[in-house]
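Geometric and topological summary
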Amino acid sequence: MSPLFTSIVIVMGLLAVMGIVVGVANDAVNFLNSALGSKAAPRRVILWIAAAGILVGTLTSSGMMEVARSGVFYPGQFSFPEIMMLFLGMMLGNILLLDIYNTLGLPTSTTVSMVFGLLGAGVAAALYHIWGDPAASVSDLSQYINTGKAMAIIAAILLSVALAFAAGSLFMYVSRLIFSFRYAKVFRRWGAVWCGISLAGILYFALFKGLKSSGLIPTSVGEYVGEHVLVTLFVFWAGASVVLWIFQRMRLNIMRITILTGTFALALAFAGNDLVNFIGVPLASYDAWQIARETGSESIMMGELANPARANFLLLLLSGAVMVLTLFFSKKSRHVTETELSLASQHEGDERFGSTFVSRSLVRASLALNTIWTGLIPDRMQKVIDRRFEPLPAEERSSAPYDMIRAVVNLTAASILIAIGTSYKLPLSTTYVVFMVAMGSSLADRTWGRESAVYRITGVMAVISGWFITALGGFLIALCVTLLLLWGGWIAVTTLVALCAWLLIRSHRTKPEEKAAAEELPVIKAETPDEVLCVCIGEVCTTMEQVTRIYNRTLVAVFKENRKVLKEMVQSSNRLFEEARDRKYGIMPTLRRLQQCDIDTGHFYVQVTDYLSEVTKALIHITRPAFGHIDNNHEGLSKEQIVDLMRVNDQVEAIFDKINDMLRTKDFSDLDMVLEMRDKLFDTIVEAIKNQLRRINGDPAASTRASVLYLTILNETKTMILQARNLLKSQHYFLESRK
């Protein structure tokens, strides 16, 4: 056996571990978000329950391994070297693609990336085989690719999107009609029956569908249940309802029990359905290596891979252990979960996504259809329905993104759909199902109101479009990588494996600027008026000090045409502006948390957020044009312009030093001096603008772009100083009133 293929098997083992780490970071959103979004338990408890589900679920995944071995291509048409390069090319491309999505914080489908990656790698290996055979042609491609099976898998994945959205919407609408947002009284009467339905469905499909192939369920029991599905479900429902009713009388939170049970079942279904995405291809490559070693020939055709896979429970359990460790220690998994939680949250605030023409058009069309639909419903019935969907007042709301009713609906619908797909050996996309169930339930729950609908539709469209990019990207990357491996041999294998390892290490390494940014402004939640005051003073001082530094370094970098420093200043100013924007959008929860209706403190906080936002906005209107000017290699500023700006910079620095000193010491005795310094600066700016006008008239060939940048810096500097002076005056008045 050639050392090259032995090395590939070892590399595939390492890639399997990397695939689990990257894949679990992406798919943790699937089975954690319902429990995390409703805050059913502490995060560590939720993780332990999910870990138990993963370990049990790994025992059910052996039947799914056939998808990786012969799901989208005919292995008997490929030789051993071709099949090894096919598997290696698919894994390299798959890991890089998933890591990019995790870095961006977008949940994508590991199933789609695997299926289309195998499809791309299979097409590449088939083309390579055809080119090496004079008697073959491209029209023979169908002999190598199992198009029927591939289309069935793709159709099941796409169909699951529509079914998941419809199921989530229907279940949520009916559940909310029954319980409303004030569900405590109704839930005491019917909660055990309703949770019993969810628990029965979750347990049935987890036990008799998810664990059917593991051998843990006796064959006779499985056959009886398969012949009497309705009876079994009714018995499960009755038993679960009785047990939950007893728990309810013991004053236990049965919704919490249902949510945690659903988290276990969903993690079980995830491991049973998606483990093949991470280790199926490496195990198939190991089987191919063993087949070639036993026959003693590297030119053997790989027809034996079409036979059912032999389950290796030790490897499955080791894989489950790696998945559990990743679940606990991966930071990227937390980043991915934020996307779905922000799109499904019941609370309004700063939205992660923007507005597009398509989302605005969809919202307008939905409003028009809603007007027509409500016109067909009697007013009395419409009022009854509206009362069921009336949200709680702000003071009664939980800080959780959504309540436990929606969490139960999400888990029930998703667990059932995924377990059905697993029982039929269809690799449904866990991400698609869970995400679309969550979006359907949030839509039916009227979470997408007129204040947030356009932004959340944009977010959903961004995620869905990312899924299609996953399919196309997975196909093309695997196609190109596999062709390079087949043509380049051991040189290509060494180079691409090293490149993949370097990119993964680079993406997981914390950048110095990100670490500094995380340490600069810790998140502080203010509850009382005194805490709000302390936080505001700290935010003002820190922000103004950073504004001073960024402004000074930006002008110096413009003078020296230092592109690297300007790029850093743009990033720093953008971060300041985003923090100010987040503070502005989070103003309402802070004002509501203020005790004793302290209007003075609230008024001060409103002013602070507004003035800080305006100061940072003026700063980015200086740094961005400055960087763009130098980045596009335009002509730099003239000596006369630099002299004028240096004079302005000196005065701005003196004003900011005085303002920062007064903010830190809370001594505002020199407030009038700042006013005088400001007026003197404005005179300097006016004189600088007049000087530029004289230069333009005297030299028609002067650079237009440099002149525009020069005037932009002067005007935005004036705005920035005006807002900084207002901020200082506001804080002075507030502190005087507090005394």
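Everything below is about the structure shown above.
Here we summarise the structure given alongside this text. (Residues numbered from 1 in each chain as written. Predicted model: local features only at pLDDT ≥ 70, side-chain atom pairs only at ≥ 80, totals over all residues. Heavy atoms only, no water.)

1. A closer look at the overall build of the protein chain
Each helix and strand counted, the protein chain has 25 helices and 0 strands in total. Residues counted as buried form 52% of the 739 residues belonging to the protein chain. Across the protein chain, contacts joining residues at least 24 apart in sequence account for 85% of those joining residues at least 6 apart. (Helix = DSSP H or I, 4+ residues; strand = E, 2+ residues; numbered from the N terminus. Buried < 20%, exposed > 50% of the residue type's maximum accessible area, 1.4 Å probe, protein only. Contact = heavy atoms within 4.5 Å.)

2. Overview of the packing of aromatic side chains
Here the structure, examined in full by the defined rule, presents 12 aromatic pairs. Arranged with centres 4.9 Å apart and planes meeting at 55 degrees, the rings of F5 and F80 form a pair that is tilted. Pair noted here: F5 is in helix 1 (residues 3-38) and F80 is in helix 4 (residues 80-104), with a separation of 75 residues, a long-range link. Of the two residues, F5 and F80, neither departs from the other in class, the shared state being buried. (Phe/Tyr/Trp six-rings, centres within 6.5 Å; stacked < 30°, edge-to-face > 60°.)

3. A word on the side chain of T232
Structurally, T232 is set in helix 9 (residues 229-249). Its relative accessible area of 9% is what places T232 among the buried residues.

4. So, the nonpolar core
By size, the foremost hydrophobic cluster in this structure holds 134 residues, and its most contacted members are I83 and F87. Sorting elements by how many residues they give to this core places helix 10 (residues 254-295) first, with 19 residues. Dropping the residues within four chain positions of it, I83 is found in contact with F73, P75, F78, A288, M302 and L305. Judged by nonpolar contacts, the second largest core, of 54 residues, contains V570, Y611, I659 and I685. (Core = buried A, V, L, I, M, F, W, Y, C linked by side-chain atoms within 4.5 Å.)

5. Some words on the side chain of S572
Summarising the element assignment, S572 is placed in helix 20 (residues 563-585). Taking relative accessible area as the criterion, S572 reaches 10% and is therefore assigned buried. Among all residues touching S572, those that are not within four sequence positions of it are R549 and I550.

6. Some points on the environment of S415
Looking at where S415 falls in the secondary structure, it is placed in helix 15 (residues 404-423). Judged by its relative accessible area of 3%, S415 is buried. For the pair S415 and A267, spaced 148 residues apart in the sequence, the C-alpha separation amounts to 8.9 Å. Excluding anything up to four places from it in sequence, S415 contacts I202, G262, A265 and L266.

7. Notes on a nonpolar patch on the surface
Together, W190, V193, I197, V231, F234, V235 and W237 make up an exposed nonpolar region whose accessible area comes to about 680 Å². When contributions to the nonpolar patch are tallied by element, the ones reaching two or more residues are helix 7 (184-210) and helix 9. It is helix 9 that contributes the most residues to the nonpolar patch, 4 residues altogether. Position of I197 relative to the elements: it lies in helix 7. A relative accessible area of 45% means that I197 is categorised as partly exposed. (Patch = residues over 30% accessible without salt bridge, like charges linked within 9 Å, V, L, I, M, F, W, Y side chains within 5 Å. Areas by Shrake-Rupley, 256 points an atom, 1.4 Å probe, with all protein chains shown as cover. Salt bridge = Lys/Arg side-chain N within 4 Å of Asp/Glu carboxyl O.)

8. With respect to unusual backbone geometry
You will see that S180, though not glycine, has its phi angle at about 60 degrees, which is positive. A positive phi angle is found at E561, which is not glycine, with a value near 55 degrees. Tracing the backbone shows E561 in the loop between helix 19 (529-560) and helix 20. The exposure class of E561 is partly exposed, given its relative accessible area of 42%.

9. Things to note about the environment of V547
By the element assignment, V547 lies in helix 19. Spatially, the C-alpha atom of V547 lies 7.8 Å from that of S573, the residues being 26 residues apart in sequence.

10. Let's talk about helix 9
An ideal rise of 1.5 Å per residue puts 30 Å on 21 residues; helix 9 measures up with 30 Å between its terminal C-alpha atoms. Among the residues of helix 9, those classed as buried are T232, A240, S241, L244 and Q248. Projected onto a plane normal to the axis of helix 9, the buried residues spread over an arc of 160 degrees and lie on a single side. Helix 9 presents F234 and V235 as exposed residues on the side facing more than 90 degrees away from its buried surface. (Expected span 1.5 Å × (residues − 1). Arc of directions from axis to C-beta.)

11. Side note on the pattern of salt bridges
In total, this model carries 9 salt bridges according to the counting rule given. The shortest N-O distance in the salt bridge between R695 and D644 comes to 3.3 Å. Separated by 51 residues along the polypeptide, R695 in helix 24 (residues 671-698) and D644 in helix 23 (residues 639-665) bring together distant segments of the chain. With a closest N to O distance of 3.8 Å, R694 and E687 form a salt bridge. Overlapping salt bridges, with partners in common, bring together R176, R406 and D445 in one network.

12. Side note on the packing of helix 2 (residues 43-57) against helix 11 (residues 313-329)
As a packed pair, helix 2 and helix 11 sit with axes 9 Å apart at the nearest point and diverge in direction by 165 degrees. Looking at the two axes, helix 2 sits roughly antiparallel to helix 11. The handedness of the crossing between helix 2 and helix 11 is right-handed. Residues R44, L47, W48, A50, A51, I54 and L55 of helix 2 touch helix 11, and the partners they reach there are L317, G320, A321, M323, V324, L327 and F328. Residues of the contact of helix 2 with helix 11, tallied by class, amount to 12 nonpolar, 1 polar and 1 charged. (Axes fitted to C-alpha atoms, helices over the stretch in contact; angles between N-to-C directions. Parallel < 35°, antiparallel > 145°, perpendicular 65-115°, else oblique. Left-handed = near helix turned anticlockwise from the far one by under 90°. Nonpolar A, V, L, I, M, F, W, Y, C, P; charged D, E, K, R; others polar.)

13. Section: the environment of I696
You can see I696 is positioned in helix 24. Taking the C-alpha atoms as reference, I696 lies 8.5 Å from S707; in sequence the two are 11 residues apart.

14. Details of a negative patch on the surface
Side chains of D650, E653, D657, D661 and D667 sit close together on the surface and give a patch of like negative charge. Within the element layout of this structure, D667 appears in the loop between helix 23 and helix 24. (Lys, Arg positive; Asp, Glu negative; His and termini not counted. Charge placed at Lys NZ, Arg CZ, Asp CG, Glu CD.)

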